[in-house]
Amino acid sequence: MSFESFGDFLAMGHHGPYVWSAYAISLAVLALNVVLPILARRRYLQDEARRLRREKQQ
């Protein structure tokens, strides 16, 4: 594919909004697939540390 200008590239032959929103949604899903497990692990470790401190105090 060749485009006359960068504006034509972004417009993608009037399919630009569909194409770029599909890219954005895909990128967001990929980012969530990385970030959410990291946050869940951090939350789990904090909960376990709290639980162990409670058990140690008893």
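All values reported here derive from a predicted model rather than from experimental measurement.

## Things to note about the overall build of the protein
On a plain count of helices and strands, the protein comes out with two helices and zero strands. By the compact-globule yardstick of 10 Å for 58 residues, the protein is too spread out, its C-alpha radius of gyration being 23 Å. Dimensions along the principal axes, computed over C-alpha positions, put the protein at roughly 75 × 15 × 15 Å. The buried share among the 58 residues of the protein stands at 5%. Surface exposure of the protein reaches about 5,500 Å², of which carbon and sulfur atoms provide 64%. Here the protein contributes 8 positive and 5 negative side-chain charges, whose respective centroids are spaced 21 Å apart.

## Considering the UniProt feature "transmembrane region" (unreviewed entry) in the protein
The positions that UniProt labels "transmembrane region" (unreviewed entry) are, in the present scheme, residues 20-40. Counting secondary structure, residues 20-40 comes out at 100% helix and 0% strand; the distance between its end C-alpha atoms is 30 Å.

## Overview of the environment of Met12
Its location among the elements puts Met12 in the loop between helix 1 (6-11) and helix 2 (16-57). Overall, Met12 belongs to the buried group, its relative accessible area being 17%. Excluding residues that lie within four positions of it along the chain, Met12 makes contacts with Phe3, Val19 and Trp20.

## Quick look at the packing of aromatic side chains
Taken as a whole and judged by the stated rule, the model has four aromatic pairs. Here the aromatic rings of Phe9 and Trp20 are separated by 5.6 Å at their centres, their planes lie at 70 degrees, and the arrangement is edge-to-face. Of this pair, Phe9 sits in helix 1 while Trp20 sits in helix 2, and the two are eleven residues apart along the sequence. Trp20 gets classed as partly exposed once you look at its relative accessible area, which sits at 32%.

Rules used throughout
Numbers given for residues are sequential positions, taken from 1 along each chain in its written order. For a predicted model such as this one, the threshold for reporting local features is a pLDDT of at least 70, and the threshold for listing and counting side-chain atom pairs is 80 or more; totals across whole chains, interfaces and linings nevertheless cover every residue. As a rule here, side-chain values come from all non-hydrogen atoms in the structure, and water together with hydrogens is ignored. Secondary structure elements follow DSSP: runs of H or I of four or more residues count as helices, runs of E of two or more count as strands, with numbering from the N terminus. As a reference, a globule follows 2.2 Å times the number of residues to the power 0.38, and the radius of gyration itself is taken over C-alpha atoms. Per-residue accessibility, obtained with a 1.4 Å probe over protein chains only, is compared with the maximum for each type, and a residue is labelled buried under 20%, exposed over 50%, and partly exposed between these values. Surface accessibility in these figures is a Shrake-Rupley result with a 1.4 Å probe; residues are shielded only by whichever protein chains are displayed. For the purpose of counting charges, residues Lys and Arg are taken to be positive, whereas Asp and Glu are taken to be negative. His and the chain ends are not included. Note on charges: their place is set at NZ of Lys, CZ of Arg, CG of Asp or CD of Glu. UniProt positions are given in the numbering used here, feature names are shortened, and annotations may be inferred rather than shown by experiment. Residues are treated as being in contact if the distance between any of their heavy atoms lies within 4.5 Å. Note on ring pairs: Phe, Tyr and Trp rings are taken, using the six-membered ring of Trp, and paired if centres are within 6.5 Å. Classes follow the plane angle, with under 30 degrees stacked, over 60 edge-to-face and the rest tilted.

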